[in-house]
Amino acid sequence: MQKFSHAIVRKPCRALAEGISSGLYPGKPDYELACRQHDAYIQALRECGVDVMVLPADERYPDSCFVEDPAVLTRRCAIITNPGALSRNGEKEGILEAVRQFYPEDKIERILPPGTLEGGDVMMAGDHFFVGKSARTNAEGIRQFQEILEKYGMTCTEVELEKVLHLKTGVNYLENDILLTAGEFVDKQEFISYHRIVIPEEEAYAANCIWVNDTVIIPEGYPAVLDAVRSCGYRTLTVDTSEFRKLDGGLSCLSLRF
Ligand code: CIR
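Looking at the ligand, there are 14 residues lining it, with Ile20, Asp63, Glu68, Leu247 and Cys253 nearest. Interatomic distance of 2.8 Å between a side-chain N/O atom of Glu68 and a nitrogen atom of the ligand. At a separation of 2.9 Å, an oxygen atom of the ligand approaches a polar side-chain atom of Arg136. Compared with its free state, where it exposes 350 Å², the ligand has 98% of that area covered by protein.

Structure representation (structure tokens):
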């Protein structure tokens, strides 16, 4: 199934090592290695049939390679978010420029202060969206997001986060009613109607896989997740994300797919 034809990524910058980190995965990212891993990531997206727009590194924003957070791109509109992390808030302007090349001005919406929202808290399941209330995404951001979706005939469900950074840190939709779930999302009422693949604690990071046109891209080094996804019948590709993991970043964070 061909669903995504485009992706937007931004090259990691040298300031990457100064990005926000919870310390869950220790160490500072190595810039050169991060660039090689990022190139491999782009290659994997291309193998899934998407045309990848590669934005230049932006040294002003250490976390700017995580392009998923300043925008949400849907079939019907683009939403420029208002990232809750102060050091990242300005990333929205750079992503707006890129988004303008794909969406007409009247289909570009914005989350405005005091609302905050980051794309990592938004999981798309067809025309329905799950949105995490987190340290980065507040109630007003979710209210605005819901209002925008309604305007375009789409819907959303709010999910209260307890522990993780973003919603998609722990739950990701692989299409076909299948979810990858870890930790606090395994038993969440909101996901009960889906077929849930439960990820063992020691592989929780790999809950953040991405479905791209019937291929699932999985972080390298998570054999239980790889097996589970393969047994659902998906073609799989693996990409090493060790340097992005040190900043709590995963596969979904590194691109906007649409
Ligand atoms: C941050 O804390 O904002 C970055 N270091 C990681 C962002 C990861 N993005 C995502 O989960 N969508």
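So, on to the pattern of salt bridges. Scanning the entire structure with this criterion turns up 20 salt bridges. A salt bridge links Lys168 to Glu68, with the shortest nitrogen-to-oxygen separation between them at 2.7 Å. Placement of Lys168 in helix H4 (residues 167–170) and of Glu68 in the loop between strand S2 (51–55) and strand S3 (71–73) is noted, with a sequence separation of 100 residues between them. Both residues of the pair, Lys168 and Glu68, belong to the buried class. Residue Glu109 pairs with Lys151 through a salt bridge whose shortest N-O separation is 2.8 Å. Taken together, the positions of Glu109 in strand S5 (residues 108–110) and Lys151 in helix H3 (residues 139–151) put the pair 42 residues apart, joining distant regions of the chain. Since its relative accessible area comes to 57%, Lys151 is described here as exposed. When salt bridges that share partners are traced, they join Glu68, Lys168 and Arg257 into one network.

By size, the foremost hydrophobic cluster in this structure holds 42 residues, and its most contacted members are Leu45, Leu174, Ile217 and Val225. Those elements giving two or more residues to this core turn out to be strand S1 (6–10), helix H1 (31–47), strand S10 (178–181), strand S12 (210–212), strand S13 (215–219), helix H5 (223–231) and strand S14 (235–239). Here the element with the most residues in this core is H1; it accounts for five residues. Ignoring anything within four residues of it in the chain, the contact list for Leu174 reads Leu180, Ile197, Trp211, Val216, Val229 and Tyr234. Counting 16 residues, the second largest nonpolar core, distinct from the first, contains Met53, Leu55, Val67 and Ile80.

This part is about the sheet that holds strand S6 (residues 122–125). A sheet is described by the order of its strands in space; here three strands give the open sequence S6-S7-S8, paired in mixed fashion. Looking along the sheet, the strands with just one partner apiece sit at the ends: S6 and strand S8 (155–160). The mean inter-strand angle of the sheet, taken between neighbouring strand axes irrespective of direction, is 20°. The pairing of S6 with strand S7 (residues 128–133) spans four bridges and is antiparallel. When the bridges of S7 are listed, Met124 appears paired with Phe129. Running at roughly 170° to S7, H3 makes contact with S6, S7 and S8 of the sheet.

Here the focus is the sheet that holds S5. If you walk across this open sheet you meet the three strands as S3-S4-S5, and the pairing is mixed. Each end of this open sheet is capped by a strand with a single partner; those strands are S3 and S5. Adjacent strand axes in the sheet meet at a mean angle of 20° when their direction is disregarded. Note: strand S4 (residues 78–80) against S5, three bridges, orientation parallel.

Turning next to the side chain of Thr137. Mapped onto the secondary structure, Thr137 falls in the loop between S7 and H3. Among the polar contacts made by the side chain of Thr137, one reaches the side chain of Asp121 at a distance of 2.7 Å. In this structure, Thr137 is in contact with Thr116, Leu117, Glu118, Asp121, Val131, Gly132 and Ile142, ignoring residues within four places of it in sequence.

Across the nine residues of helix H2 (residues 91–99), seven count as buried, placing the element largely inside the fold. Burial in H2 covers these residues: Glu91, Lys92, Gly94, Ile95, Leu96, Ala98 and Val99. Check the buried side of H2 and you find it contacts S1, S2, S3, S4, S5 and strand S15 (256–257).

Moving on, we get to H5. Of all the residues in H5, the buried ones are Val225, Leu226 and Val229. All buried residues of H5 lie within an arc of 100° about the axis, which places them on one face of the element. Facing away from the buried side of H5 by more than 90 degrees, the exposed set consists of Pro223, Asp227 and Ser231. A positive backbone phi angle near 95° is found at Gly233, which sits one or two residues after H5.

The rules we used
- Residues numbered from 1 in each chain as written.
- Predicted model: local features only at pLDDT ≥ 70, side-chain atom pairs only at ≥ 80, totals over all residues.
- Heavy atoms only, no water.
- Near = heavy atom within 4 Å.
- Polar contact = N/O pair within 3.5 Å; in protein donor to acceptor, adjacent residues only side chain to side chain.
- Areas by Shrake-Rupley, 256 points an atom, 1.4 Å probe, with all protein chains shown as cover.
- Salt bridge = Lys/Arg side-chain N within 4 Å of Asp/Glu carboxyl O.
- Helix = DSSP H or I, 4+ residues; strand = E, 2+ residues; numbered from the N terminus.
- Buried < 20%, exposed > 50% of the residue type's maximum accessible area, 1.4 Å probe, protein only.
- Core = buried A, V, L, I, M, F, W, Y, C linked by side-chain atoms within 4.5 Å.
- Contact = heavy atoms within 4.5 Å.
- Pairing = 2+ DSSP bridges.
- Axes fitted to C-alpha atoms, helices over the stretch in contact; angles between N-to-C directions.
- Arc of directions from axis to C-beta.

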